[in-house]
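# Structural overview for review
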Amino acid sequence: MYDIMILGGGPAGYLAAERAGHSGLKTLLIEKRFIGGVCLNEGCVPSKALLHSAKLFDIARHSEAYGVSTSGAAIDQRAVIARKNKVVRNLVAGIKSQLKASHVTVVEGLGEIVGRDAGIITVTVGQTTYQGKRLLIATGSEAIVPPIPGAREGLASGFVLTNREILDLDTIPESLVVVGGGVIGLEMASYFNSVGSKVTVIEMLGKIAGPTDREISTILQKNYEKKGITFVLESKVNAIRDGAVEFENAAGKHSVPAVKVLVSIGRRPVIAGFDLEKLGVYVDKGRIVVDEHGQTNVPGVYATGDVNGVWMLAHAAYRESEVVINNLMGRHDVMRYDAVPWVIYTNPEVGCVGETEESCKAKGMACQVASISMNYSGRYMAENAGGDGICKVVIDPVRQRLIGCHIIGSYASEIIVVAAMLIETQMKIADIKEFVFPHPTVSEIIREALFQL
Ligand SMILES: Cc1cc2nc3c(=O)[nH]c(=O)nc-3n(C[C@H](O)[C@H](O)[C@H](O)COP(=O)(O)OP(=O)(O)OC[C@H]3O[C@@H](n4cnc5c(N)ncnc54)[C@H](O)[C@@H]3O)c2cc1C
């Protein structure tokens, strides 16, 4: 009898397993594919490994502006993929050894739910039955393949790709059409633009980068237009066939040639294929509904990570799982989402947290906004010839607290956590201004922006 059984070995599942095992709970982790889930094997980590290679390639080709001459810079896509695979292998091996150290029993195979009786939950993997007092569902998410004519056939022939296939592509396509200008689409557009593909991004909405601050997504788009990416906004894809993507917009019907097509229109929680209905767990709009403790409507059954559809980011998954295990161990804990940062690892990077000017307006919340050029930062100037980044801070004018921060520019991914901590701890603006930031660093920009208010 296990204290906790966990379905899915992605960030939500393996983190919960590690914490539970470490806390002395008898823990079972079931994974049907690869330990590490989407994030380690076909998401966060492999995409960042590729983007780092692209960044080095960009730096090598544009180093003259910094007084450095290079010649003969070239990209070897096979070597890039081989290195990415090595990074993934090493990280997955690390997770496996941590699970072992935490005395977690790991079972490979599809976990299927049998039911819950007298508070005991039963699952099977193949012919073997497992029982536990609690079940954490951490089955994650999968790429949505839209019902566009030609999409499924293209996927079967290798013409159409999802995140899974594109991160293993060992040739550089002459042209790539990206359907969907969200974070995943933009990161892949960025990589293939750097390594030489002709990239077109087709987006249904009037802006790229989803809920990202509008001014920041406009700057990002302009940067990539300068680098040669074509953006087609407010456009609907009608078909994918014969080496082309057909779409329409207010100006009429069009077709753009493509050697490969990436579909990145979003992800959906995995709630099918393992008899979830046998537990009577409440599902709404395709996601498992949970409270702030990760608890579903069924006692002893929890759901964390992408499967609950709240944030669909690995770091949100980690924290949600931590909350579940802390509460199981009698340490009161709740999940808060006000200060969950999100990052786009393009070049320039984007780092965001909290409210935007637009979200405040939509919620009828009062806010005060200051936006400054990243060139206020000495280090940014020193390292970015012609950089046009900005840092935007959003404050609650009554409580005098930071409620949002949005940065486009170098190190945005690393420094956004500073703003997240200031939001989470509800520090007063006057107190933040008294912090001494190291100089010259790009992080100083957050403090500087607050002085513009
Ligand atoms: C290209 C890409 C880039 C991304 N980049 C980032 C990023 O930079 N930062 C970030 O925070 N997030 C990023 N994400 C999102 C991130 O990958 C997810 O938020 C994260 O993986 C969610 O973790 P999870 O554990 O909920 O689910 P998953 O990682 O999807 O893991 C779920 C696991 O459950 C297994 N499983 C499913 N059903 C069963 C079953 N019945 N039995 C056994 N096992 C089962 C699956 O095989 C899978 O391994 C990215 C995603 C993609 C696709």
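In the block above lies the structure referred to throughout.
## Some remarks on the pattern of salt bridges
- The tally for this structure, following the rule as stated, stands at 21 salt bridges.
- We note a salt bridge from Glu-42 to Arg-33, for which the minimum N-O separation is 3.4 Å.
- Each of Arg-19, Arg-319, Glu-322 and Asp-333 takes part in one network of salt bridges that share partners.

## Some details on the state of the cysteines
- Summed over all chains, the structure comprises 1 disulfide.
- Across the disulfide from Cys-39 sits Cys-44; the S-S distance is 2.4 Å. Around the S-S axis, the bridge from Cys-39 to Cys-44 shows a dihedral of about -130° and counts as left-handed.
- You can call Cys-39 buried: its relative accessible area is 9%.

## Focus: the nonpolar core
- In terms of nonpolar packing, the biggest core is built from 34 residues, with Ile-166, Tyr-191, Phe-192, Val-199 and Leu-220 touching the most fellow members.
- When residues of this core are traced back to their parent elements, those giving at least two are α3 (44–61), α4 (77–101), β10 (175–179), α7 (183–194), β11 (198–202), α8 (214–226), β21 (342–344) and β22 (350–354).
- For this core, the element with the most residues is α7, which contributes 5 residues.
- Those residues in contact with Tyr-191 that sit more than four places away from it in its chain are Leu-50, Leu-51, Ala-54, Ile-75, Gln-77 and Val-80.
- In this structure, Val-343, Val-353, Ala-412 and Ala-420 belong to the second largest nonpolar core, which totals 27 residues.

Conventions and cut-offs
- The written sequence of each chain sets the order in which its residues are numbered from 1.
- Since the coordinates come from a predicted model, pLDDT governs what is reported: local features require at least 70, and pairs of side-chain atoms require 80 or more to be given and counted, while whole-chain, interface and lining totals use all residues.
- Hydrogen atoms and water are omitted, and side-chain values are computed over all heavy atoms in the structure.
- What counts as a salt bridge is simple: a side-chain nitrogen of Lys or Arg found within 4 Å of a carboxyl oxygen of Asp or Glu.
- Only a pair of cysteine sulfur atoms within 2.5 Å counts as a disulfide in this structure description.
- When accessible area is computed with a 1.4 Å probe and restricted to protein chains, residues below 20% of their type maximum are described as buried, those above 50% as exposed, and intermediate ones as partly exposed.
- In this text, buried Ala, Val, Leu, Ile, Met, Phe, Trp, Tyr and Cys residues form a nonpolar core when linked through side-chain atoms within 4.5 Å.
- Where helices and strands are cited, they refer to DSSP runs of H or I of at least four residues and of E of at least two residues respectively, numbered from the N terminus.
- We call two residues in contact when some of their heavy atoms are within 4.5 Å.

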